[in-house]
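Okay, here's what each chain looks like letter by letter:
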Amino acid sequence: MTNSGASASLEGGPSLSTSGIDLLLTELRRNAWGLWVFGPPHGPDILAAVRRWRTCADVVILRGEDGENDATAYRTPTMPGLDPFAPELVSWQYHSSAVWTLRAVLALPAPGHSQAPIAVLEPSPLCFLPPDIGRPIAYRPASISAEPPNAMQPVSR
C-alpha cells in the first residue's frame, strides 16, 4: 500500500501491492484522501479512504484485491455527528474489484459539477464497515493545511 514496494495483504489473501492498485492508491493520496487501516499490522483486513468535500464525502472500502465485490465506493452527505463509514443515504455507490472501484471513484465528478450524482439512494450493506472491525491501526490524514477556499475542492480535516 506504499510506494516503497512494501505490500499488505487483506485477510491473508493476495497482497495489495500490485502496481495498478498502488498507482490508484497514490492517486487517492494526491487528491487529498485520508486513509485508515484496520486489522493486524502485518496484514490488514480493510483499507478505507475518505475524501471530504463541504457537503459530502467520497468513501472507498477495500476488503480484498481480486474478488467481484472486494471493494466499495460511495458518496454520502456529511452533516455534524454523521460517520462517513455508516452512511444513512448515498448519492452514488459502486461495488466491484479493487482496481475497478478505485478507477470509478477517481473518475467521479466533483460535487456541484453538472455530471455529479445527485440521487438519494439507500446504501447497500457493502457500504458499511463490519461491526466488529475495531479501531484503525493506522491513519494518514489527507492534509495538515487549512480548508481550501473553493467549494469545488476537498476539505482537509
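Above this text you will find the structure in question.
The text that follows walks through the structure, step by step, so that each part is easy to find. (Residues numbered from 1 in each chain as written. Predicted model: local features only at pLDDT ≥ 70, side-chain atom pairs only at ≥ 80, totals over all residues. Heavy atoms only, no water.)

So, about helix 2 (residues 98-107). Listing the buried residues of helix 2 in full gives A98, T101, L102, A104 and V105. Looking down the long axis of helix 2, one finds its buried residues gathered within 160 degrees of arc, a one-sided arrangement. (Buried < 20%, exposed > 50% of the residue type's maximum accessible area, 1.4 Å probe, protein only. Helix = DSSP H or I, 4+ residues; strand = E, 2+ residues; numbered from the N terminus. Arc of directions from axis to C-beta.)

Take the nonpolar core next. Among the nonpolar cores identified, the biggest contains 19 residues, and L25, L28, V60, L62, L102 and V105 are the most heavily contacted of them. Broken down by secondary-structure element, the contributors of at least two residues to this core are helix 1 (19-30), strand 1 (34-38), strand 2 (46-52), strand 3 (56-62), strand 4 (71-77) and helix 2. Counting residues in hydrophobic clusters, the runner-up holds 14 residues, among them F38, V50, Y74 and L129. (Core = buried A, V, L, I, M, F, W, Y, C linked by side-chain atoms within 4.5 Å.)

Time to look at the pairing of strand 4. Most of strand 4 is tucked away, with six of its seven residues classed as buried. Bridge count between strand 3 and strand 4: seven bridges; the pairing is antiparallel. Within strand 4, the residue paired with V59 across the bridge is Y74. For strand 4 and strand 5 (residues 92-96), the ladder comprises five bridges, and the chain directions are antiparallel. Note that in strand 5 the partner of R75 across the bridge is W92. (Pairing = 2+ DSSP bridges.)

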